[in-house]
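Observations on chain architecture
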Amino acid sequence: YIKQGCSIRKLRAGDEMATFASVKGINSFRPQRHVWPHPVGVIGAGYNGLKTAMIYAKSGNHNFVVFDRNDKVGGYCWITAANKGSKLQTEFGSFHIWWGQDCVTEK
């Protein structure tokens, strides 16, 4: 429909669309993010699981849960496969992980 002065009429095939248009029931023509009724599940609290969770959090999506078979984070490589000698090769007994440019925060 098109408004002309105080009257409203149906837009015909030969009519041009106005510069500004309002559509009832639509706030924006931008795609809206789908909101799931349940959280996203990230399987594993190792390197990739934690990185996936960080990317979700950095993008503004805090509706996720991280699952792991162990009672602490680190994954198979750090908790199960690592031994005393391999853990002593790092400072502070932790991995030195480069999370990538996506997870660098500005100070």
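Structure first, text after, so check above.
Figured I'd write up the structure that's included with this text. (Residues numbered from 1 in each chain as written. Predicted model: local features only at pLDDT ≥ 70, side-chain atom pairs only at ≥ 80, totals over all residues. Heavy atoms only, no water.)

What follows covers the overall build of the protein. Along the backbone of the protein there are 3 helices and 4 strands. Reading the protein from its N end, one meets helices and strands in the order β-β-β-α-β-α-α. For the protein, buried positions account for 12% of its 107 residues. (Helix = DSSP H or I, 4+ residues; strand = E, 2+ residues; numbered from the N terminus. Buried < 20%, exposed > 50% of the residue type's maximum accessible area, 1.4 Å probe, protein only.)

As a further point, take the environment of glycine 100. Topologically, glycine 100 is positioned in the segment after helix 3 (84–88). Take glycine 100: its relative accessible area is 13%, and that puts it in the buried class. For the pair formed by glycine 100 and lysine 51, sequence separation is 49 residues and the distance between their alpha carbons is 9.3 Å.

Before going further, it helps to examine the environment of tyrosine 76. Relative to the elements of secondary structure, tyrosine 76 occurs in helix 2 (residues 75–80). Tyrosine 76 sits in the partly exposed class, given a relative accessible area of 47%. It is 9.5 Å that separates the C-alpha atoms of tyrosine 76 and tyrosine 47, two residues lying 29 residues apart in sequence. Setting aside chain neighbours within four positions, we find tyrosine 76 in contact with Arg69 and Ala81. (Contact = heavy atoms within 4.5 Å.)

Both strand 3 (residues 40–43) and strand 4 (residues 64–67) contribute to a ladder of 4 bridges, which runs parallel. Looking across to strand 4, one finds that valine 40 is bridged to phenylalanine 64. Read from strand 3 through helix 1 (residues 47–58) to strand 4, the crossover connection turns out right-handed. (Pairing = 2+ DSSP bridges. Right-handed = clockwise from strand over helix to strand, strands pointing away.)

Moving on to helix 1. Over its 12 residues, helix 1 extends 16 Å from the first C-alpha to the last, a length consistent with the 16 Å expected when each residue adds 1.5 Å. Glycine 60, located one to two residues past helix 1, shows a positive phi value of around 100 degrees. (Expected span 1.5 Å × (residues − 1).)

This brings us to a nonpolar patch on the surface. Together, Val23, Ile26 and Phe29 give the surface a local cluster of nonpolar side chains, amounting to about 310 Å² of exposed area. Mapped onto the fold, valine 23 is located in the loop between strand 2 (7–9) and strand 3. (Patch = residues over 30% accessible without salt bridge, like charges linked within 9 Å, V, L, I, M, F, W, Y side chains within 5 Å. Areas by Shrake-Rupley, 256 points an atom, 1.4 Å probe, with all protein chains shown as cover. Salt bridge = Lys/Arg side-chain N within 4 Å of Asp/Glu carboxyl O.)

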